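Residue strings, one per chain:
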2 protein chains.
Amino acid sequence: MTVYMEIVCVGNELLIGKVLNTNASWLGKQATALGVAVKRVTVVADDVEEMAAAFREVLKRKPKFIVSTGGLGPTFDDKTLEGIAKALNRKLAVNQEALRMVKAKYKEYTKTNNIPEGEMTPPRVKMATLPIGTEAILNPAGTAPGVRIDVDGIVLIVLPGVPKEMEAIFEASVAPLLRQAAGDVGYFELSIYTDNIMESVLAPFIDKVMHDNPQIYIKSHPKGRENKPHMELHLSTIGKPSENPQICLSKAVVELAGLIKGAGGEVVKVETEVTV
Amino acid sequence: MTVYMEIVCVGNELLIGKVLNTNASWLGKQATALGVAVKRVTVVADDVEEMAAAFREVLKRKPKFIVSTGGLGPTFDDKTLEGIAKALNRKLAVNQEALRMVKAKYKEYTKTNNIPEGEMTPPRVKMATLPIGTEAILNPAGTAPGVRIDVDGIVLIVLPGVPKEMEAIFEASVAPLLRQAAGDVGYFELSIYTDNIMESVLAPFIDKVMHDNPQIYIKSHPKGRENKPHMELHLSTIGKPSENPQICLSKAVVELAGLIKGAGGEVVKVETEVTV
């Protein structure tokens with residue numbers, strides 16, 4: 001059974017196009033490779049009401065995992081935990097484990113730099129103020145801890161927006177959860193690049209190959225123009241080793257390449273990217 | 001009064017992290033520069049039910065504009081118009097104006113290339129099959145027309161996913177609508193880069209400057225680590241010329257820079273990007 005995940009990215013900078021949403025793309029790639037299907041990405045503003053509404057909607061759709069990025073830092077506009085607390089009708093309170101983590105970071109910074117450690121000011125305590133009944137996750141690459149919240153069988157993971165911190169927490173503490181939930185399924189993909197065949201001519205071939213190989217999903221990505229056609233055909237499948245997903249993929253490629261050549265198209269190259 | 005827009009991006013390739021969502025970022029930048037506020041970005045799969053659900057949710061939030069990207073091509077997985085038709089409870093039918101546009105494109109391709117024009121096969125007619133009561137928009141850079149749908153005062157613009165086609169239609173036919181709706185407001189932004197001051201120390205300064213300059217929004221973007229702090233502080237405002245938005249911005253910058261220097265921080269550079 002497919003394990004679903006949704007991604008929620010918080011940040012005005014994403015909405016105004018100042019920052020490209022590389023976090024959603026990185027998380028999508030990781031989850032897919034682990035056998036978990038990303039069903040939706042939602043990007044919302046740094047606004048408590050907006051976030052609360054978005055998280056409520058995502059929770060209602062009941063994916064197995066929700067991973068959010070952004071809004072965990074010390075400044076006023078870092079409001080994700082407030083938004084989630086509102087969505088869940090939970091109060092915010094200082095989490096002792098999170099406070100210990102934040103304190104330890106500032107201690108470390110003092111030792112390795114000439115920056116004064118200073119006291120646990122409100123902006124610093126803020127990073128340890130979590131919705132009640134939640135779990136702090138160690139941030140190996142930065143200050144603000146991640147947060148895990150379990151709600152009605154849904155696992156909500158709250159990560160910072162700085163890519164290297166988000167990635168470090170994901171790899172250490174989130175990937176193992178996804179891998180375990182997905183079981184022994186693997187994701188396999190492969191691309192065929194073609195020249196001199198229009199997408200509108202390829203369309204029925206894709207239909208036929210998907211019909212003959214129901215485990216395989218094929219998506220066409222036009223790289224040229226319809227009148228100077230250069231296409232990427234991306235074939236993918238997800239399956240257990242016992243279902244021989246790689247053999248299924250090879251079969252579909254051979255059939256598709258045959259149809260393309262038969263119609264005067266040219267298969268320029270076949271590129272394999274196997275990720276497990 | 002703020003004019004709101006939402007963006008809906010359709011495509012499995014975005015969810016699996018195969019393709020970075022540059023379309024959302026490009027559209028966000030354009031809309032912001034035109035004085036329209038992007039409130040949310042939603043990324044959904046190439047699945048009619050998923051899309052219908054997502055479009056229904058977006059319509060319920062009643063932004064003035066909805067701009068979607070992706071899923072207008074000739075292949076089976078190009079299902080956006082089907083998803084929208086389902087969300088709106090409208091039937092799909094061949095739109096004569098769209099059909100004329102698609103036919104003209106294939107005629108042009110024949111003239112300029114050695115590719116046979118061929119007939120209007122089902123995949124080609126598909127690109128001219130729109131929800132009823134909608135308007136085809138000329139695609140200056142590709143085959144599939146864009147679509148405009150008016151629903152309860154909301155303008156839904158449906159664009160292709162290929163960036164240069166999406167951008168060409170937006171610039172020719174969508175930007176003027178946004179500009180007119182936003183009126184004479186302009187968006188102004190500016191970044192201060194700082195060294196040697198931790199985000200947790202900056203936090204109360206940002207609060208103070210935003211309190212003193214209520215038209216200005218300030219967002220901190222950590223570029224280093226909390227222990228080796230290098231920060232970008234992004235100040236932005238939106239306003240009519242009569243509100244002197246640029247003067248407001250300058251005032252806030254001067255106040256913020258003063259506070260940073262007073263706390264031993266260093267202002268490395270100030271970067272202006274004025275977009276109207």
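Residues numbered from 1 in each chain as written. Chains lettered and ligands numbered in written order. Predicted model: local features only at pLDDT ≥ 70, side-chain atom pairs only at ≥ 80, totals over all residues. Heavy atoms only, no water.

### Remarks on the domain arrangement of chain A
- Domain assignment breaks chain A into domain 1 (3–182) and domain 2 (186–275).
- Centre-to-centre, using C-alpha coordinates, domain 1 of chain A lies 37 Å away from domain 2 of chain A. (Domains from an automatic or database assignment.)

### Some thoughts on unusual backbone geometry
- Not every positive phi belongs to a glycine, and D152(A) is a case in point at roughly 50°.
- Looking at the secondary structure, you find D152(A) in the loop between β7 (146–151) and β8 (154–159).
- If you check the backbone angles, N196(B) has positive phi at about 60° while not being a glycine.
- Note on placement: N196(B) falls in the loop between β9 (186–195) and α8 (199–212). (Helix = DSSP H or I, 4+ residues; strand = E, 2+ residues; numbered from the N terminus.)

### Examining the packing of helix α3 (residues 48–60) of chain B against helix α4 (residues 80–88) of chain B
All names here are of chain B.
- Where α3 contacts α4, the axes come no closer than 8 Å and their chain directions differ by 55°. Between α3 and α4, the angle is such that the two are oblique. Relative to α4, α3 is oriented so that their crossing is right-handed. Counted together, V48, E49, M51, A52, F55, R56 and L59 of α3 and T80, E82, G83, I84, K86, A87 and L88 of α4 form the full contact between these two elements. (Axes fitted to C-alpha atoms, helices over the stretch in contact; angles between N-to-C directions. Parallel < 35°, antiparallel > 145°, perpendicular 65-115°, else oblique. Left-handed = near helix turned anticlockwise from the far one by under 90°. Contact = heavy atoms within 4.5 Å.)

### Some details on the pattern of salt bridges
- Here the structure, examined in full by the defined rule, presents 32 salt bridges over all chains.
- The residue R61(B) makes a salt bridge to E57(A) at a minimum N-O spacing of 3.3 Å. With R61(B) in the loop between α3 and β3 (65–69) and E57(A) in helix α3 (residues 48–60), this pair bridges two chains.
- Overall, R61(B) belongs to the partly exposed group, its relative accessible area being 27%.
- Of the charged contacts in the structure, one is a salt bridge between K18(B) and E232(A), with a shortest N-O distance of 2.7 Å. Here K18(B), found in the loop between α1 (12–15) and α2 (22–33), pairs with E232(A), found in strand β11 (residues 230–239), and the two come from separate chains.
- Connected through shared salt-bridge partners, E6(A), R40(A), R61(A) and E57(B) make up one network. (Salt bridge = Lys/Arg side-chain N within 4 Å of Asp/Glu carboxyl O. Buried < 20%, exposed > 50% of the residue type's maximum accessible area, 1.4 Å probe, protein only.)

### A few points about helix α2 (residues 22–33) of chain A
Residues and elements named next belong to chain A.
- Between its first and last C-alpha, α2 extends 17 Å over 12 residues, near the 16 Å set by a 1.5 Å rise per residue.
- Counting buried positions along α2 gives nine out of 12 residues, so the element sits mostly inside the fold.
- For α2, the complete set of buried residues consists of N23, A24, S25, W26, L27, G28, A31, T32 and A33. (Expected span 1.5 Å × (residues − 1).)

### Focus on the relation of the copies chain A and chain B
- Once chain A has been moved 0.0 Å along the axis and rotated by 180°, it coincides with chain B to within an RMSD of 0.0 Å. Considering both components of the superposition, the chain copies are consistent with a two-fold axis. Among all residues of chain A, the minimum C-alpha distance to the rotation axis is found for T42(A), at 2.4 Å.
- Here 100% of the interface residues in chain A have copies in chain B that are interface residues too; the copies meet face to matching face. (Least-squares fit on C-alpha atoms with pLDDT ≥ 70 in both.)

### Remarks on the interface of chain A and chain B
- Residue-level contacts link 70 residues of chain A with 70 residues of chain B.
- Together chain A and chain B conceal approximately 5800 Å² of surface at their shared face, both sides included; 54% is due to carbon and sulfur atoms.
- The tally of links between chain A and chain B comes to 14 salt bridges.
- For the pair chain A and chain B, the interface holds 22 residue pairs in polar contact (both at pLDDT 80 or more). (Buried area = accessible area lost by both parts, 1.4 Å probe. Polar contact = N/O pair within 3.5 Å; in protein donor to acceptor, adjacent residues only side chain to side chain.)

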